[in-house]
Amino acid sequence: MPPMTAPQQRALHQLLSRLIDQEAARVLVAPMAAKPGFWFGGGNLVQDEQGVIWLCGRYRNYGDSRTGLAAGERGLEVAIFRSDDGGAGFRKVQSWSKTDLTPADGKVLSYEGTALHRTADGGWELFISSEKERSYPSPLESYQKPGTGVWSIDRLTGDRPDAFDSVLMPVLTNDTRPSYLHVKDPVVFDTGDGDTALIFCSHPFSWSSSNSGLALRRAGEAGFALHSWEIVPRGATWDVAATRITGRVALPAVGLFAEQPAALYFYDGAECLRAHDENKAAVRRPRGYSCEEIGGAFAG
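Quick caveat: nothing in here was measured; it's all calculated off a predicted structure.

*Asks:* Which residues make up the overall build of the protein, and what values do they have?
*Replies:* Scanning the protein for helices and strands turns up one helix and 16 strands. In terms of overall size, the protein behaves like a compact globule, its C-alpha atoms giving a radius of gyration of 19 Å where 300 residues would be expected to give roughly 19 Å. Evaluated residue by residue, the protein yields a buried proportion of 48% over its 300 residues. Taking contacts inside the protein between residues at least 6 apart in sequence as the whole, the part at least 24 apart equals 51%. Surface accessibility of the protein: about 15300 Å² in total, with carbon and sulfur atoms responsible for 53%.

*Asks:* Quick rundown of the nonpolar core? Include the residues and the values.
*Replies:* Nonpolar side chains in soluble globular proteins generally cluster together in the buried interior. Ranked by internal contacts, the top residues of the largest apolar core, which has 17 residues, are Ile 80, Trp 96, Leu 116, Leu 126, Ile 128, Leu 156 and Phe 164. At the level of elements, strand S3 (53-60), strand S4 (75-83), strand S6 (108-118) and strand S7 (124-132) are the ones that each hand at least two residues to this core. Setting aside its immediate chain neighbours within four residues, Leu 116 contacts Asn 44, Val 46, Trp 54, Leu 55, Cys 56, Ile 80, Trp 124, Glu 125, Leu 126, Pro 161 and Phe 164.

*Asks:* Explain the pattern of salt bridges to me, using residue names and the numbers behind them.
*Replies:* Where charged atoms from two side chains of opposite charge come close, those side chains can pair. Counting across every chain of the model gives 14 salt bridges. Across the pair Arg 91 and Asp 84 runs a salt bridge whose closest N-O atoms are separated by 3.9 Å. Here Asp 185 and Arg 244 are joined by a salt bridge, their closest N and O atoms 3.3 Å apart. Of the two residues, Asp 185 is situated in strand S10 (residues 182-190) and Arg 244 in strand S14 (residues 242-250); the sequence distance between them amounts to 59 residues. Residue classification places Asp 185 among the buried residues on the basis of a relative accessible area of 10%. Arg 244 gets classed as buried once you look at its relative accessible area, which sits at 6%.

*Asks:* Just give me the short version of unusual backbone geometry, but keep the residues and values in it.
*Replies:* A cis amide bond, omega 5°, links Ser 138 with the succeeding residue Pro 139. Of note in the backbone geometry, Asp 185 takes a positive phi value of approximately 60° without being a glycine. The phi angle at Trp 207 is positive, at roughly 55°, despite the residue not being glycine. You can see Trp 207 is positioned in the loop between strand S11 (196-203) and strand S12 (211-217).

*Asks:* Before we move on, can you summarise helix H1 (residues 6-19) with the specific residues and values?
*Replies:* Its 14 residues place the ends of H1 20 Å apart at the C-alpha level, agreeing with the 20 Å of an ideal helix rising 1.5 Å per residue. Every buried residue of H1 is accounted for by Gln 8, Leu 12 and Leu 16. Considered in projection along H1, the buried side chains sweep an arc of 70° and stay on one side of the axis. Exposed and oriented more than 90 degrees from the buried face of H1 are Arg 10, His 13, Gln 14, Ser 17 and Arg 18. Considering only its buried residues, H1 is in contact with strand S15 (263-270) and strand S16 (294-299).

*Asks:* Run through the sheet that holds S16, naming residues and quoting values.
*Replies:* Strand order in this open sheet of three strands is S14-S15-S16, and the pairing throughout is antiparallel. Each edge of the open sheet carries a strand with a single partner, namely S14 and S16. On average, adjacent strands in this sheet sit at an angle of 25° to one another, irrespective of strand direction. Relative to S16, S15 is paired through six bridges, and the arrangement is antiparallel. Its bridge partner being in S16, Tyr 267 is matched across the sheet by Gly 296.

Reading the values: rules and limits
- Here the residue index of a chain counts from 1 through its sequence in written order.
- At least 70 in pLDDT is required for a residue's local features to be given in this predicted model, at least 80 for side-chain atom pairs to be given and counted, and no such filter applies to totals for whole chains, interfaces and linings, which use all residues.
- In computing side-chain properties, one takes all heavy atoms of the structure into account and sets aside hydrogens as well as water.
- Comment: elements are numbered from the N terminus, with helices defined as DSSP H or I runs of at least four residues and strands as E runs of at least two.
- We compute the radius of gyration from the C-alpha atoms alone; for a globule the expected value is 2.2 Å times N to the 0.38, where N is the number of residues.
- Exposure is judged per residue with a 1.4 Å probe applied to protein chains only, and the accessible area is read against the type maximum: over 50% gives exposed, under 20% gives buried, and values in between give partly exposed.
- Only heavy atoms enter the contact rule, under which two residues are in contact if any of them lie within 4.5 Å.
- Only the protein chains shown count as cover for residues, with accessible areas throughout obtained via the Shrake-Rupley method and a probe of 1.4 Å.
- To qualify as a nonpolar core, a set must consist of buried Ala, Val, Leu, Ile, Met, Phe, Trp, Tyr and Cys residues joined through side-chain atoms within 4.5 Å.
- Every case where a carboxyl oxygen of Asp or Glu lies within 4 Å of a side-chain nitrogen of Lys or Arg is listed as a salt bridge.
- Helix span is expected to be 1.5 Å times the residue number reduced by one.
- The arc in question is traced by the directions running from the helix axis to the C-beta atoms.
- Pairs of strands are assigned from DSSP output, requiring at least two bridges between the strands.
- Only the contacting stretch of a helix is used when fitting its axis, a line to C-alpha atoms as for every element, and angles between N-to-C directions run 0 to 180 degrees.

Keep in mind that these numbers describe shape and distance, not what the molecule does.
Structure below.
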């Protein structure tokens, strides 16, 4: 992407301020409990030709992905919601527990990011990242904590978002690069040349960082091929431990961007993936607890 002009940067700042207005935000899907560690999210929204808005995500209950199921239930259920009133209200139309989907490569221990995608032929795909009961590669077995597995990305297919099958088909699994062992949290969109792009986050076997990678499914092909393990560098300070892209919004080709197609990419950042003790005389702020320490956006 060519360098943005000052007017383009100002326009994007104004747009982001409108898109991310925490004072005006409202809950679309409530978590299973109003307690720490419970939420619904990690998905996207797609509007079809009839104006119906489809929302996917997963219910997450208390737990810690670095310590296994002993710390709580964690990613409990993947769900699809439908809105026929422009987003004013959503109702659940389909869902899957951890025992409803049984992939060939191991029992599901937890769900995380999901992504709805409309294919060129009018079908639908639901991409799901899950932690499965699988051992770390040799000689790294001793780094695996009891009750944990390895994360990968699969997909379901269907004619409609409320009629997906229940057969998980593998999309992306890492068996060769322990420094990017866990792959999850898909962000899926079509490129201008007819390919399908899959942005994903990765964690090493040590759970010390998080990166954003890219896989591509070429037009007319059935599977995805790895393009890059890291498409953006991690930052030098606030997001030195994590730069995890979690969403994409294409900008309309109008106004200042009429001749320069672009998109906004939202990401999570973190300074540290462990509790980080502070000097009592330093600036007090939350730090080093998870991947959601700071949120940011790229234009690209």
